[in-house]
Amino acid sequence: MKELLTRSLSGFLYGSILLASIFISKYTFIGIFVIFGMISIYEFQKLIHLNNKRLYVIFIVVLALLNVFQDILYLTIPVLVLTIITELFLVKDLVTIRIIPMFERRKYRTSIFYLITCIVFLTMVPNYSGNYQPLIIAGAFLITWTNDTFAYLVGKNFGKHKLLERISPKKTIEGFIGGFLFSILAGYLIALFSHTLSVNIWLIISIIMSIFGTLGDLIQSKFKRQAGVKDSGTIMPGHGGIYDRLDSVIFASPFLYAFLQILKYVS
C-alpha cells in the first residue's frame, strides 16, 4: 500500500510539473525538457557504460539550433531522417538479435541520433506549424499515458500471450491490444474536446504514439536488461528515472513530428 501511494504521488507530481510547463509557455516547456534531457542523457550513459560530457553540450546546441531554425528544412530534415534511420536500426536489433551491439562508436552515435535528437524533436512538436500549440503535445502525452496504463491493466488481468518475453516478460499481446484500443479512444476524446485537429488526424496520432511508444519502451527494456538493472535511475520513487518515464514518448516523437510536417505541407 505504501509503495502504491509513493508511486502515485511521484507520478502525480511528475505529470503536474510536465503539464504545467506545457501550458504556461513554449519557453517553460523547453526549459523543463532541458532539465529532463540532461537527466535522461546521464541515465542513458550509465546504461551503455559511456561517460562523455560533450553529449550535454551537443544536446543544448542541437536543441537551440533546431528550435530557432525549425522552418529551415535543409537543417531539420537531414537530422530527422538520421534519427528515424537510427531508431529503425534499434527496432531491427530489438527483434533480430539477443544483444544490441553497442561498441564505442555506436554508443556515441546512438546517444546523439536516438536519445538527444528524439528529445529535441519532442520539444518541436507543439510548434510544428509555426505557432505554439500546447494541446498537441499535451494530447500526445495523455495518449501515451493512456496506452501505458491500459496495457498494464489489460495485460495483468487478461494477458496470456507474451509480446516479447525475452526482453520484457510482463508485456503481453493482450496488453498491447488493450493499450492500443484505449489510446484510440483517448485520441477520439481529445479530438472532440480540444477543437485542435480533426478526429482522423488524432486517431493517426494515437496509432503513432501507441505503436512507436511500445517499441520505445521495449528498446529501453533491452538496454536495461543488457546493463543488468531494473530502472535507469532513482530520481522518481516507484517509477525509476526520468528516462524510464519518457522512453515511450521520446521514441515516438520523431515519427509524430514527421507526420505533422507532412500534414502541414500537404494541407
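Residues numbered from 1 in each chain as written. Predicted model: local features only at pLDDT ≥ 70, side-chain atom pairs only at ≥ 80, totals over all residues. Heavy atoms only, no water.

> I'd like a rundown of the nonpolar core, residues and numbers included.
In terms of nonpolar packing, the biggest core is built from 74 residues, with Phe33, Phe141, Ile205 and Phe223 touching the most fellow members. Look past the residues within four positions of Phe223 in its chain and what remains in contact with it is Phe44, Leu47, Ile48, Leu90, Ile100, Met102, Tyr114 and Tyr243. (Core = buried A, V, L, I, M, F, W, Y, C linked by side-chain atoms within 4.5 Å. Buried < 20%, exposed > 50% of the residue type's maximum accessible area, 1.4 Å probe, protein only. Contact = heavy atoms within 4.5 Å.)

> Account for the pattern of salt bridges, with residues named and values stated.
On inspection of all chains with the given rule, the structure shows five salt bridges. Two residues, Lys264 and Asp71, come together in a salt bridge whose shortest N-O distance is 3.7 Å. Here Lys264 is found in helix α9 (residues 242-266), whereas its partner Asp71 is found in the loop between α3 (54-68) and α4 (73-96), with 193 residues between them in sequence. Owing to a relative accessible area of 26%, Lys264 belongs among the partly exposed residues under this scheme. Look at Asp71 and you get exposed, because its relative accessible area is 52%. Where Lys171 meets Asp217, a salt bridge forms, and the shortest distance between an N and an O atom there is 2.5 Å. (Salt bridge = Lys/Arg side-chain N within 4 Å of Asp/Glu carboxyl O. Helix = DSSP H or I, 4+ residues; strand = E, 2+ residues; numbered from the N terminus.)

> Give me the lowdown on the packing of aromatic side chains, citing residues and values where you can.
We describe a pair of aromatic rings using the distance from one ring centre to the other and the angle between the two ring planes. Inspection of every chain in the model, using the stated rule, returns 16 aromatic pairs. Aromatic pair Phe29 and Phe33: ring centres 5.2 Å apart, planes at 65°, arrangement edge-to-face. One end of the pair is Phe29 and the other is Phe33, both in helix α2 (residues 26-47) and four residues apart, which spans about a single turn. Accessibility assignment for this pair places Phe29 and Phe33 in one class, buried. A connected cluster of aromatic rings, assembled from ring pairs, spans Phe44, Tyr114, Phe212, Phe223, Tyr243, Phe251 and Phe255. (Phe/Tyr/Trp six-rings, centres within 6.5 Å; stacked < 30°, edge-to-face > 60°.)

> Mind laying out empty space enclosed by the protein, listing which residues take part and the relevant values?
Tallying each qualifying case throughout the model produces one cavity of 30 Å³ or more. Put simply, the largest cavity is a space of about 30 Å³. Along the walls of the largest cavity sit Phe141, Thr144, Trp145, Asp148, Arg245, Ser248 and Val249, which together make up its complete lining. Going through the elements one at a time, α6 (134-158) and α9 are the ones with two or more residues in the lining of the largest cavity. With four residues, the single largest contributor to the lining of the largest cavity is α6. Residue composition of the lining of the largest cavity, grouped by class: three nonpolar, two polar and two charged. (1 Å grid on protein atoms, 1.4 Å probe; cavity = no way out; pocket = protein on both sides within 12 Å on 5 of 7 lines; lining within 4 Å. Points joined across faces, edges and corners; volume = space filled by probe spheres on them. Nonpolar A, V, L, I, M, F, W, Y, C, P; charged D, E, K, R; others polar.)

> Let's hear about the packing of α2 against α3: which residues, and what values?
One can describe the packing of α2 onto α3 by two numbers: an axis separation of 10 Å at closest approach and a directional angle of 145°. For the crossing formed where α2 meets α3, the hand is right-handed. Facing α2, whose interface residues are Ile30, Phe33, Val34, Gly37, Met38, Ile41, Tyr42 and Gln45, α3 presents Leu55, Tyr56, Phe59, Ile60, Leu63 and Asn67. (Axes fitted to C-alpha atoms, helices over the stretch in contact; angles between N-to-C directions. Left-handed = near helix turned anticlockwise from the far one by under 90°.)

> Residue-level account of the packing of helix α5 (residues 104-124) against α9, with values.
The contact between α5 and α9 brings their axes to 8 Å, and the two run at 70°. Comparing the axis directions of α5 and α9 gives the class roughly perpendicular. Relative to α9, the crossing made by α5 is left-handed. Residues Tyr114, Leu115, Cys118, Ile119, Phe121, Leu122 and Met124 of α5 lie in contact with α9, whose contacting residues are Tyr243, Val249, Ile250, Phe251, Ser253, Pro254 and Tyr257. Residues that form the contact of α5 with α9 fall into these classes: 13 nonpolar, one polar and no charged. (Parallel < 35°, antiparallel > 145°, perpendicular 65-115°, else oblique.)

> Break down the side chain of Thr86 for me, with residues and values.
Turning to its location among the elements, Thr86 is positioned in helix α4. For Thr86, a relative accessible area of 16% corresponds to the buried category. Not counting the four nearest positions on each side in its chain, Thr86 is found in contact with Phe113 and Tyr114.

> So, unusual backbone geometry: which residues are in play, and what are the values?
With a phi close to 60°, His49 is a non-glycine residue in the positive phi region. In this structure, His49 sits in the loop between α2 and α3. A positive phi angle is found at His195, which is not glycine, with a value near 55°. Since its relative accessible area comes to 69%, His195 is described here as exposed.

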